[in-house]
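The residues making up each chain are set out below.
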Amino acid sequence: MHSSGSMLYTTIERIRTFLDDPSVDAKYDNDFLVRHVISPEMVNIVSALNSLRDDPLVIRLDLSGLSDSTEYFELPPGVGNIVRIAKLNADNQIDDDIARRDDSDPRGPGWSVEGRELHIRPQLESGDTGAGYALWYVPSGDLVPHYSADGGTLASGKLVLTLDSSPDIGDVDYRESAYVGGILRVWNTADTVVEERVISAYDASQAKVTVRTAFSDVEVAGSRKYEIVPTYMSNIWQAVAVSGAINLGVARNITEKQMAFLQKQLETTLQGISSTFGNLYPGKQTAPENSVLYTLLQRVRWGLPEKAEEELSNDYIMRSAVIPKLSEIMNTVNSRSDSPIVVRYSLTLVDDQEYYVLPPTVHRVLKVTKLTGGMVTDEIRRRKDNDPNGPGWNVEGNRLSLRPTPQTGDLSSYEVWYVPSGDFQPHYAKDGSLATGTVLTLTTGGIFSRQLGTVDKRDSGYLGATLRVTNTDGSIEERTITAHDAGAGTVTVTEVFTTTTGTVAYEIVPNWMQTIMSAVVASSVLTLSALKGKLSEGDLAVLMDADKDAMKATLSNIRSTNRAQDITPKRESILHMILEKTRTSLERVAVDLNYSDDYIFRHGIVPEYGRVMSRIMNSASNPVLATQTISLVKDQRYYTIPAGVGEVVRLVELYDDGRVKGELIPRGEFNPRGPGWSIEGIRLSFRPYPQQAKDYELWYIPSFDVVPHYAEDGTLESSRDTLTFGGLTERQIWSSQMLGDVDRRNGAYTGCVLRIFGTNDGVEERQITAHDNTAGDITTPDGFQMAAGTVKYEVVPSHMFAVQDAVCASAIMNLAASSKSVSKSQHAMLVHNFRSAMKTSMDHFTFMQNRVPKHYDKKTVDNENRNHWIVP
């Protein structure tokens, strides 16, 4: 370094050394070198460094002159590209950013540069003094340095220095704020200490500079030796010297060898500076923690090519890619998925009012229902538009039409179930105002609102969406929005937030945002890369594959989300055993099907049981017979046949000891004496009418039209011969895992088997002799051994176990018919299994039922020797 300690003299001395140009016989004086060589070369070197580095040189500038009335702020000449404008808190930590938005944004650009002026729009909030505002920028190198050996006057307080109007080398820059951000170097009286301070203000009219912190080692104020250089001068003076020597070497016509040496030296110097010259700030805006929208944007930016990522702002990505993709992805998902996303919101009907406004996100209305206790108790049916009684409900634009119009009565608790369209405008903001714990006033859109996305100005635009509020401890609470008043700019939730009221950071997103986030990210990256990335066909193909995989994952996720929970099998239950076998086989054969346990049981197993039994009974020579007692009444023609009665075989009168006393023979419809008895629909008809009250026994072949079920909340009465079903009033049993449905037809379970599962007592079975639909109970002739109270039970036909394999095979073959993945060979295997199971069931069923042989002349172990008790 030069003996004076001056950076400018050091640079000049190094230039003369490179050119072998001693100052005693110099062609150019020192002042000329500063004005015409060093100053312009600083600009060149800084530009070269910034172009060579991925993270350019960044300097911080305090914006102490900002206030709530400031729209334009004059920047120092040395400010090049602005990286960031932020606000610091009392601990000097980044509190928030002024976002740089698109110039066409209706909220204003946030900030922009017009000439040397920083334009702030919208302006700061009222009462904001501008304390703590800072700007990070890439320097342009435009600073006029100078050195004065004894011309600066340091004022008391040692914060303000009046510049020398005629410095020894260099010149005074009289442009306003020209030295802001530069370094003021002041020597003490003994020239043994040089203190450096950052210049925070410069009054060009009075040639006074003010530093951030007072000088400490400079003993007294007064006339002081000083120097003004850029902040980065200590790092680049060697490169400036070499570059200046090259510049002067051209004018002095130095040798080619010297020029090559200087160029090599400049290259080496720039590489050294580039490796040690750290970036003071990375220039990225701080993303709020746990924000769904910022997480989505960061994932989109991570997937974009570097050049496109630098060019696209968050606001552009949000408005031009993410929000349109929400609608596109939702429509795609809902059109392809067999279980689309369904949302509902409350609708209060008004007497004699036809039209009701629908949320903008409604894509397809599914149904309009009334809920009581969370269960559907009424539904407004959708009929044809030309129905004389009105269509029930119809969607006209953004309105729901109800015809006929609602009438006086209970008009509340109605719900509209709909598939969302994705027409949604999510946003994040930092200045929401939470009042009473349930009402949030949306952002004002101020300069530090950190608003990402657009506030939906349509009434009810956010109905059903999720409101996420960030607490002071960093935790996040989520609530569903139940009301949105666009005019007042408020949203309302039902459940109170636990956070204290006041200003909060929040975001509003669809309640299905997390589900489709990966698909939105992949599709946004593909679209933006194709438009802005200038990628090769191979790279685009990779992005397209990623987009397809994300869409498949989203569809699978939605199916999994809406899928009914599998029923936990009960080992002793016949119904669970049949269901488990059917489900397992069906999942392996028809992998593309996604039926719930309840669907498989109600639409596969139950109807197939009836078909299997019908085929067996049609083939059997000795069908199953069951009996029920019919009590005739004098002069009453019709009697309701109990559910489950198939073909009536006989009507007999019995003696007290059980012998047949007499029988009513059907004579045919055209017999002049009347048919005796006949079947008319579900009624038993007698003609002529009975003349006295008498009990007859009805012998019949069951129709097997029965709805078996398993439940865990039956009540075994104190008599222990009667069981009351659970869940008959609630219609949805929270405390019970129920398989199947309760048959509500009177007498439907007569003749079936009631199986009760005890904790340690095993399984007890009893034949059902009576089924009272009104009371919701069934009765057995013999009481159970286990204790009365709540029990797990199932009601099944008495012969269910014998035909379980055939029912499974038949249900699998029926349900798999709608599968596209079942091959021809698999279908043939299913048919073979069904036939084999039917043959086995027939043999088993015949053996189980024919406990007594039908023909006594048939040789069996029972009658091979009829007189086996006679000793020959």
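Just so we're clear, the structure is a prediction, and the values are computed from it rather than from any experiment.

A closer look at helix H5 (residues 292–303)
Okay, step 1: An ideal rise of 1.5 Å per residue puts 16 Å on twelve residues; H5 measures up with 17 Å between its terminal C-alpha atoms.
Okay, step 2: Among all positions in H5, only Val292, Leu293, Tyr294, Leu296, Leu297, Val300 and Arg301 are buried.
Okay, step 3: At the N-terminal end of H5, a side-chain oxygen is found 3.5 Å from the backbone nitrogen of Leu293, two or three residues along, and the residue is Ser291.

Topic: the sheet that holds strand S16 (residues 355–357)
Okay, step 1: As summarised here, the arrangement of the three strands in space is S16-S20-S19, forming an open sheet in which the pairing is antiparallel. Both edges of this open sheet fall to S16 and strand S19 (392–396), since each of them pairs with a single strand only. Strand-to-strand twist in this sheet, taken as the mean axis angle between neighbours without regard to direction, amounts to 25°.
Okay, step 2: Where S19 and strand S20 (residues 399–403) come together, five bridges link them in antiparallel fashion. Considered in S20, the bridge of Asn394 is made with Ser401.

Section: empty space enclosed by the protein
Okay, step 1: Applying the stated criterion to the full structure yields three cavities of 30 Å³ or more.
Okay, step 2: Here the largest cavity defines a volume of roughly 100 Å³.
Okay, step 3: Forming the walls of the largest cavity are 15 residues, and the residues nearest its centre are Gly78, Tyr137, Leu143, Gly181 and Tyr232.
Okay, step 4: When the residues that make up the lining of the largest cavity are grouped by side-chain class, the tally is nine nonpolar, five polar and one charged.
Okay, step 5: Taken as a whole, the second largest cavity encloses approximately 60 Å³ of empty space.

Some thoughts on unusual backbone geometry
Okay, step 1: Here the amide bond leading from Arg403 into Pro404 is cis, since omega sits at 5°, within 30 degrees of zero.
Okay, step 2: Along the chain, the position of Pro404 falls in the loop between S20 and strand S21 (414–420).
Okay, step 3: That bond from Arg687 to Pro688 is cis: its omega, 5°, falls within 30 degrees of zero.
Okay, step 4: Here Thr436, not a glycine, exhibits a phi torsion of approximately 60°, which is positive.

The rules we used
Residues numbered from 1 in each chain as written. Predicted model: local features only at pLDDT ≥ 70, side-chain atom pairs only at ≥ 80, totals over all residues. Heavy atoms only, no water. Helix = DSSP H or I, 4+ residues; strand = E, 2+ residues; numbered from the N terminus. Expected span 1.5 Å × (residues − 1). Buried < 20%, exposed > 50% of the residue type's maximum accessible area, 1.4 Å probe, protein only. Polar contact = N/O pair within 3.5 Å; in protein donor to acceptor, adjacent residues only side chain to side chain. Pairing = 2+ DSSP bridges. Axes fitted to C-alpha atoms, helices over the stretch in contact; angles between N-to-C directions. 1 Å grid on protein atoms, 1.4 Å probe; cavity = no way out; pocket = protein on both sides within 12 Å on 5 of 7 lines; lining within 4 Å. Points joined across faces, edges and corners; volume = space filled by probe spheres on them. Nonpolar A, V, L, I, M, F, W, Y, C, P; charged D, E, K, R; others polar.

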